[in-house]
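Here are the chains, one letter per residue:
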Amino acid sequence: MAGPHVSQGTTLLRALRDDVYRRPLAVALDRLGIEPGWKCVDVGAGGGDVSVALAEIVGRTGRVYAVDSDPRARDVVAAAAAEHSQVIAITQAGEDLLLPEPVDLAFCRFLLLHVYEPSVVLDRMRRAVRPGGWVVAQEPIPSGGGGGGVAMSMPEARHPDVGALLPSLVAQAGLVVDDAWAEAPAGSGPGPVADYLETLTGCDPGDDPVVLTPLDTEVARAPGT
């Protein structure tokens, strides 16, 4: 996850990713019906963009735990959430997730492909929410995207196609899926989609049509009433 000393290229890549995948995030939060006062945890918070988005919805009466395994991320989140006192940054691995109180929502995005044990992280997220609370995971399916007939890949990821396995992983964690869908940003010519692909791969797609990696979203509820 990002820290204050990461390269400019990494920071740009994350910013572009947040831009082109902003709609799946907005749709997920809208379908949940999050209200002021909710308590949430953003697992793998990174630069804190999701944590800030949650804080703006839950308001001053709510609480957002921004959890990341990289201790440098605490400073990044603190800077991003300077105007939101309800955001609490915690240095903790997803496999070790333990909060001081139950939350209404546990959220992760672009996290499970990098962790050692995705199933353990999802189990920890389920345990972190109150009975009947929500767990939302958004993970990519790299092999589903590409340009010019060439599939994309993420060789640096521990679980590069975890998005394709996400429905079964969520079920194995004892969660009940309430909604699920996949979205793949697409475009041609100059724009965020082309910029993201060029920064990710080092190749300029020019005016060729591009379909980015689909993002699988699983909106699930923990057992209980």
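The present account deals with the structure reproduced in this document.

Parameters and conventions
- Residues numbered from 1 in each chain as written.
- Predicted model: local features only at pLDDT ≥ 70, side-chain atom pairs only at ≥ 80, totals over all residues.
- Heavy atoms only, no water.
- Helix = DSSP H or I, 4+ residues; strand = E, 2+ residues; numbered from the N terminus.
- Buried < 20%, exposed > 50% of the residue type's maximum accessible area, 1.4 Å probe, protein only.
- Pairing = 2+ DSSP bridges.
- Axes fitted to C-alpha atoms, helices over the stretch in contact; angles between N-to-C directions.
- Contact = heavy atoms within 4.5 Å.
- Parallel < 35°, antiparallel > 145°, perpendicular 65-115°, else oblique.
- Left-handed = near helix turned anticlockwise from the far one by under 90°.
- Nonpolar A, V, L, I, M, F, W, Y, C, P; charged D, E, K, R; others polar.
- Phe/Tyr/Trp six-rings, centres within 6.5 Å; stacked < 30°, edge-to-face > 60°.
- Lys NZ or Arg CZ within 6 Å of the ring centre and 35° of its normal.
- Polar contact = N/O pair within 3.5 Å; in protein donor to acceptor, adjacent residues only side chain to side chain.
- Salt bridge = Lys/Arg side-chain N within 4 Å of Asp/Glu carboxyl O.

## Some details on unusual backbone geometry
Now for step 1: Despite not being glycine, F110 has its phi angle at roughly 50°, a positive value.
Now for step 2: Counting through the fold element by element, F110 comes out in the loop between β4 (103-109) and α5 (118-128).
Now for step 3: Judged by relative accessible area, F110 falls into the buried class, the value being 7%.

## As for the sheet that holds strand β3 (residues 87-91)
Now for step 1: Strand order in the open sheet formed by seven strands is β3-β2-β1-β4-β5-β11-β8, with mixed pairing between adjacent strands. Edge positions in the sheet fall to β3 and β8 (176-183), since each has one partner strand and no second. Taken over all neighbouring pairs, the strand axes of this sheet differ in orientation by 15° on average, direction set aside.
Now for step 2: Here strand β1 (residues 39-43) pairs with strand β2 (residues 63-68) via five bridges, running parallel. Its bridge partner being in β2, V41 is matched across the sheet by Y65.
Now for step 3: The sheet contacts of helix α6 (residues 162-172) involve β5 (129-140), β8 and β11 (215-221), and relative to β11 the element is tilted by about 10°.

## Focus on the packing of α5 against α6
Now for step 1: Viewed as axis vectors pointing N to C, α5 and α6 meet at an angle of 45°, and their least axial separation amounts to 11 Å. Taken together, the axes of α5 and α6 are oblique relative to one another. Crossing hand, α5 versus α6: right-handed. Residues P118, S119 and L122 of α5 lie in contact with α6, whose contacting residues are V162, L166, L169 and V170.
Now for step 2: The residue makeup of the contact of α5 with α6, split by class, is six nonpolar, one polar and no charged.

## Overview of the packing of aromatic side chains
Now for step 1: Within this structure, the stated rule accounts for zero aromatic pairs.
Now for step 2: The ring of W181 has R31 sitting right over it, with the charged end atom 4.1 Å from the ring centre.

## Re the side chain of D68
Now for step 1: Mapping D68 onto the fold places it in strand β2.
Now for step 2: A polar atom in the side chain of D68 sits 3.5 Å from the backbone nitrogen of A45.
Now for step 3: Here G46 takes part through its backbone nitrogen, which lies 2.8 Å from a polar atom of the side chain of D68.

## A short note on helix α3 (residues 49-58)
Now for step 1: Buried within α3 we find V50, S51, V52, L54, A55 and V58.
Now for step 2: The inward-facing, buried residues of α3 abut α2 (22-32), β1, β2, α4 (73-80), β3 and β4.
Now for step 3: Taken from the residues just after α3, G59 is the one with a positive phi, measuring 70°.

## Structural notes on the pattern of salt bridges
Now for step 1: Across all of its chains, the model carries nine salt bridges by this definition.
Now for step 2: Of the charged contacts, one joins D70 and R72 as a salt bridge, the two residues approaching to 2.9 Å between their closest N and O atoms.
Now for step 3: A salt bridge links R126 to D123; the shortest N-O distance between them is 2.7 Å. A residue pair is termed a helical-turn pair when its members lie 3 or 4 positions apart in one helix, as R126 and D123 do in helix α5 at three residues.
Now for step 4: You can call R126 partly exposed: its relative accessible area is 22%.
Now for step 5: The network of salt bridges with shared partners includes K39, R63 and E101.

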